[in-house]
Amino acid sequence: MTAFPPQLTLYYSPKACSLAAHIALEESGLPYAASTVNIRAQDNRRPEYLQLNPSGTVPALGIDAQVLTESQAILTYIADLVPERNLLPRTGTLARARAHQWMNLISSSLHVAYRGIFRPQSYGGESPEGMAAVSAQSHHSLTKVIQTVEERLGEQPYALGDSFSVVDAYLFVFYLWSHDERIQQALPARPRWHALAQRVWQRESVRKVVLREREVRAYDLPAGFALDAQETSA
Ligand SMILES: N[C@@H](CCC(=O)N[C@@H](CS)C(=O)NCC(=O)O)C(=O)O
């Protein structure tokens, strides 16, 4: 028999996609350790980390002696550890399938489009022409997927309806990314996504995690997402 809860260690980089898992862990109320793997400092290429996660990506979740990667799997696993917190709908329901519909869209389309803008060399090689072509195509893809996000959100306050889920934490991260200075072209208006991100931002767990991450790297937040002086000095 394995002990519950398992020993959880999140390997994360500030403001990376791992922020969603970081928020989910905080929302779970379970004890966990957060270990920084700063990808800007290439910590993810160190042998110690590659031994743990050969793909060299974050997030990775240590679960006792095992390691789980891929945001969608990690978010699902965390939510299922604490069903009483309703971080995802019950298995076997259509609502649960909707959650996966969202998370797949986020990882396979949204994240991929951003990567093509932030790191075009990962798809197009190092040549300036290749990078420019990937970047232009990725701006186009990002525009389309933002429109899909807006349409799918409809008038509901959260991605799955009336209550917060890990899908909202995942969407929150990529909303922050939409304000990155490396995005050179105007993106479509995203009022519904903005409103959702504002709701998520009101959560204590989210502010706590963002504060913790910003101690490692003081990343920018979009206008309207400031932490007040009391929080930053706490
Ligand atoms: N499909 C993975 C993607 C993970 C990923 O690409 N993470 C980025 C940070 S957002 C990373 O680790 N980049 C560093 C690298 O690829 O070297 C997931 O959804 O978790």
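Just so you know, the residues in each chain are numbered from 1, in the order the chain's sequence is written. Restriction of local features to residues with pLDDT of at least 70 applies here, the model being predicted, together with a cutoff of 80 or more for giving and counting side-chain atom pairs; totals for whole chains, interfaces and linings are based on all residues. For side-chain calculations, the full set of non-hydrogen atoms in the structure is used, while hydrogens and water are omitted.

> What is the right way to look at the overall build of the chain in this model?
Where helices and strands are cited, they refer to DSSP runs of H or I of at least four residues and of E of at least two residues respectively, numbered from the N terminus. Along its length, the chain carries ten helices and four strands. Listing the helices and strands of the chain from first to last along the sequence gives β-α-β-α-β-β-α-α-α-α-α-α-α-α. Radius of gyration (C-alpha) of the chain: 18 Å, near the 17 Å computed for a compact globule of 234 residues. Accessible area is worked out with a 1.4 Å probe on protein chains only. A residue is then buried under 20% of its type maximum, exposed over 50%, and partly exposed in between. For the chain, buried positions account for 50% of its 234 residues. The criterion used for residue contact is that any of the two residues' heavy atoms lie within 4.5 Å. The long-range fraction of contacts in the chain, counting pairs at least 24 apart against all pairs at least 6 apart in sequence, stands at 66%. Note on areas: Shrake-Rupley with a 1.4 Å probe; residue coverage comes only from the protein chains shown. Carbon and sulfur atoms provide 50% of the accessible area of the chain, an area that totals close to 11,700 Å². Positive charges come from Lys and Arg, negative ones from Asp and Glu, while His and the chain ends are left out of the count. The atoms used to mark charge sites are NZ of Lys, CZ of Arg, CG of Asp and CD of Glu. Considering the chain, the positive charge centre built from 22 side chains and the negative charge centre built from 23 side chains are found 3 Å apart. Throughout, the radius of gyration refers to the C-alpha atoms, and the reference size of a globule is 2.2 Å times the residue count to the power 0.38.

> Got a minute to help me understand helix α9 (residues 204-216) in this structure?
Along an α-helix, residues three or four apart share an orientation, since each turn contains 3.6 residues. Here the expected span of a helix is defined as 1.5 Å times the quantity of residues minus one. Look at α9: 19 Å from first C-alpha to last across 13 residues, which is about the 18 Å you get at 1.5 Å a residue. Buried residues of α9: Ser-205, Val-206, Arg-207, Val-209, Val-210, Leu-211 and Glu-213, and no others.

> Looking at this structure, how should I read the side chain of Lys-15?
Mapping Lys-15 onto the fold places it in the loop between β1 (8-12) and α1 (18-28). Salt bridges are identified by distance alone: a Lys or Arg side-chain nitrogen within 4 Å of an Asp or Glu carboxyl oxygen. Of the side chains with opposite charge, Asp-180 comes closest to the buried, unpaired Lys-15, at an N-O distance of 4.6 Å.

> Could you clarify how one ought to interpret the side chain of Ser-13 in this entry?
You can see Ser-13 is positioned in the loop between β1 and α1. Taking relative accessible area as the criterion, Ser-13 reaches 2% and is therefore assigned buried. At 3.4 Å, the side chain of Ser-13 and the backbone oxygen of Val-37 are in polar contact. Of the polar contacts made by the side chain of Ser-13, one reaches the backbone nitrogen of Ile-39; its length is 3.0 Å. Polar contact is the term for a pair of N or O atoms within 3.5 Å; when the atoms are in protein, one must be able to donate a hydrogen and the other to accept it, and sequence-neighboring residues count only if both atoms are side-chain atoms.

> Help me understand the packing of aromatic side chains, please; the structure alone is not making it clear to me.
Aromatic rings from Phe, Tyr and Trp, with only the six-membered ring used for Trp, were paired whenever their centres fell within 6.5 Å, and each pair was classed as stacked if the ring planes differed by under 30 degrees, edge-to-face if by over 60, and tilted otherwise. Per the counting criterion, the structure on display carries 13 aromatic pairs. Between Tyr-11 and Tyr-49, the aromatic rings sit 5.9 Å apart at their centres with planes inclined by 55 degrees, giving tilted as the arrangement. Of this pair, Tyr-11 sits in strand β1 while Tyr-49 sits in helix α2 (residues 47-52), and the two are 38 residues apart along the sequence. The two residues Tyr-11 and Tyr-49 agree in class, both being buried. Between the aromatic rings of Trp-201 and Phe-225, the centroid separation amounts to 5.9 Å while the plane-to-plane angle is 50 degrees, which identifies the pairing as tilted. Of this pair, Trp-201 sits in helix α8 (residues 191-201) while Phe-225 sits in the loop between α9 and α10 (229-233); the two residues are 24 residues apart in sequence, bridging distant segments of the chain. On the basis of relative accessibility, which here comes to 2%, the residue Trp-201 falls in the buried class. Pairwise contacts between aromatic rings join Tyr-114, Phe-118, Tyr-170, Phe-174 and Trp-177 into one cluster.

> Any chance you could explain the layout of surface pockets here in plain terms?
Summary: where empty space remains is shown by rolling a probe the size of a single water molecule over the atoms. Think of a 1 Å grid over just the protein atoms. A cavity is a set of points where a 1.4 Å probe fits yet cannot get out, a pocket is an open set with protein on both sides within 12 Å along at least five of seven lines, and lining residues have an atom within 4 Å of a point. Grid points are joined across faces, edges and corners, and a volume is the space filled by probe spheres set on the points. Its boundaries defined by the atoms lining it, the largest pocket holds a volume of some 1,200 Å³. In terms of lining residues, the largest pocket is bounded by 36 residues, among which Ala-16, Ile-39, His-111, Arg-119 and Trp-177 are the most central. Secondary-structure elements contributing two or more residues to the lining of the largest pocket are α3 (71-81), α4 (94-118) and α7 (166-177). Element by element, the count of residues in the lining of the largest pocket is highest for α4, at four residues. Taken together, the residues of the lining of the largest pocket break down into 13 nonpolar, twelve polar and eleven charged. Domain start and stop positions are those given by an automatic or database domain assignment. Both domains that furnish three or more residues to the lining of the largest pocket are identified here as domain 1 (8-85) and domain 2 (94-224). For this classification, Asp, Glu, Lys and Arg are treated as charged, while Ala, Val, Leu, Ile, Met, Phe, Trp, Tyr, Cys and Pro are nonpolar and the rest, including Gly, are polar.

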